[in-house]
Amino acid sequence: MKWKKLLDRQLRERINLVAEEAKAGKTMAEAASSLGVSKQQLYQIAKREKILFSKTYEYQKNFKKD
């Protein structure tokens, strides 16, 4: 059970970091670089959590929050 809680906390922290980068007005490429992850990893998190970056591209319009 402790392991599951640790993994859940780590996932929430990752999501929060991505959301903070988006709120700061960074592009996905800038955010990926500053977080030390690939653009593909960042895209998957943003898509799954419906996080939009200020410079929205066509592919991001499909995962806006309702």
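Computed from a prediction, not measured in an experiment: that's the story for all the values here.

**Topic: the layout of surface pockets**
If you add up the space inside the largest pocket, you get close to 160 Å³. Lining the largest pocket, in full, are Arg14, Leu17, Val18, Leu35, Val37, Gln41, Leu42 and Ile45. Mapped onto the lining of the largest pocket, the elements with two or more residues apiece are helix 1 (2-23) and helix 3 (39-49). Taken together, the residues of the lining of the largest pocket sort by class into six nonpolar, one polar and one charged.

**Some words on the nonpolar core**
Counting residues in hydrophobic clusters, the biggest one holds eleven residues: Ile15, Val18, Ala22, Met28, Ala31, Ala32, Leu42, Ile45, Ala46, Ile51 and Phe53. At the level of elements, helix 1, helix 2 (28-35) and helix 3 are the ones that each hand at least two residues to this core.

**Some thoughts on the packing of helix 2 against helix 3**
For any two helices packed against each other, the geometry comes down to the angle between their axes and how far apart the axes lie. At a minimum axis distance of 9 Å, the contact between helix 2 and helix 3 shows a crossing angle of 110°. Relative to helix 3, the element helix 2 is oriented roughly perpendicular. At the point where helix 2 passes helix 3, the crossing takes the right-handed sense. The residues of helix 3 that touch helix 2, namely those facing Met28, Ala29, Ala31, Ala32 and Leu35, are Lys39, Leu42, Tyr43 and Ala46.

**Some details on the confidence of the model for the protein**
Low-confidence regions, as indicated by low pLDDT, have predicted coordinates that should not be scrutinised in detail. Summarising the model, the protein shows a mean pLDDT of 86, and 82% of its residues fall at 70 or more. Taking the mean pLDDT of every element in the protein, the minimum, 92, falls on helix 3 and the maximum, 95, on helix 1.

**Focus: the side chain of Glu21**
In this structure, Glu21 sits in helix 1. The contact partners of Glu21, leaving out residues within four places of it in the chain, are Lys26, Ala31, Ser34, Leu35 and Phe53.

**A closer look at helix 3**
Restricting attention to buried positions, one finds in helix 3 the residues Leu42, Ile45 and Ala46. One face of helix 3 carries all of its buried residues, which in axial projection span an arc of 95°. Buried residues belonging to helix 3 abut helix 1 and helix 2. One or two steps after helix 3, the chain reaches Lys50, where phi turns positive at roughly 55°.

About the criteria used
- Residues numbered from 1 in each chain as written.
- Predicted model: local features only at pLDDT ≥ 70, side-chain atom pairs only at ≥ 80, totals over all residues.
- Heavy atoms only, no water.
- 1 Å grid on protein atoms, 1.4 Å probe; cavity = no way out; pocket = protein on both sides within 12 Å on 5 of 7 lines; lining within 4 Å.
- Points joined across faces, edges and corners; volume = space filled by probe spheres on them.
- Helix = DSSP H or I, 4+ residues; strand = E, 2+ residues; numbered from the N terminus.
- Nonpolar A, V, L, I, M, F, W, Y, C, P; charged D, E, K, R; others polar.
- Core = buried A, V, L, I, M, F, W, Y, C linked by side-chain atoms within 4.5 Å.
- Buried < 20%, exposed > 50% of the residue type's maximum accessible area, 1.4 Å probe, protein only.
- Axes fitted to C-alpha atoms, helices over the stretch in contact; angles between N-to-C directions.
- Parallel < 35°, antiparallel > 145°, perpendicular 65-115°, else oblique.
- Left-handed = near helix turned anticlockwise from the far one by under 90°.
- Contact = heavy atoms within 4.5 Å.
- pLDDT = per-residue confidence, 0-100.
- Arc of directions from axis to C-beta.

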